[in-house]
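Read off the chains here:
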Amino acid sequence: MQDQILQALRQNDAGQAVQLAQAWTRDEPGKAEAHRWLALALQQQGQAEAAMEALQQALQLAPMMRSCTCSTPACCWHCASSTGPMKPCCAPPGWTPTPSRLT
């Protein structure tokens, strides 16, 4: 699913990315990664409050993310990993965010 979301984001289709991520969170509500992708897609769509809510859900599911000091879902991308070390980040691998969209 993340490949489809990433493809939608690369095509600047945040609406499609949100729909895909929402479907993923419905199908796998306990998967932190799905909520992180939803947060990123919502942020790219300009829904900062909803993005932070999705990020908070990911926090509940991935405790390592709680020590992240980033302020946006995109910057918390790698920090949210519950299986690896904390890493500096700004976006998912292979995707370059539009600077005006990161706040």
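This text follows the structure it describes.
Residues numbered from 1 in each chain as written. Predicted model: local features only at pLDDT ≥ 70, side-chain atom pairs only at ≥ 80, totals over all residues. Heavy atoms only, no water.

Novice: An account of the nonpolar core is needed here, citing residue identities and associated values.
Specialist: Core analysis: the largest hydrophobic core is formed by 19 residues, its most contacted members being Ile5, Leu9, Ala17, Trp37, Leu38 and Leu42. Within the residue set of this core, elements represented by two or more residues are helix 1 (2-10), helix 2 (14-27), helix 3 (32-44) and helix 4 (48-61). If one sorts the elements of this core by residue count, helix 3 sits on top with seven residues. Not counting the four nearest positions on each side in its chain, Ala17 is found in contact with Ile5, Ala8, Leu9 and Ala41. (Core = buried A, V, L, I, M, F, W, Y, C linked by side-chain atoms within 4.5 Å. Buried < 20%, exposed > 50% of the residue type's maximum accessible area, 1.4 Å probe, protein only. Helix = DSSP H or I, 4+ residues; strand = E, 2+ residues; numbered from the N terminus. Contact = heavy atoms within 4.5 Å.)

Novice: So, the packing of helix 1 against helix 2: which residues are in play, and what are the values?
Specialist: Running from N to C, helix 1 and helix 2 cross one another at 165 degrees; their axes reach a closest spacing of 7 Å. It follows that helix 1 is roughly antiparallel to helix 2 by the angle criterion. In terms of crossing hand, the pair formed by helix 1 and helix 2 is left-handed. Where helix 1 abuts helix 2, its residues Gln2, Gln4, Ile5, Ala8 and Leu9 lie against Ala14, Gln16, Ala17, Leu20, Ala21 and Trp24. For the contact of helix 1 with helix 2, a count of residues per class yields eight nonpolar, three polar and no charged. (Axes fitted to C-alpha atoms, helices over the stretch in contact; angles between N-to-C directions. Parallel < 35°, antiparallel > 145°, perpendicular 65-115°, else oblique. Left-handed = near helix turned anticlockwise from the far one by under 90°. Nonpolar A, V, L, I, M, F, W, Y, C, P; charged D, E, K, R; others polar.)

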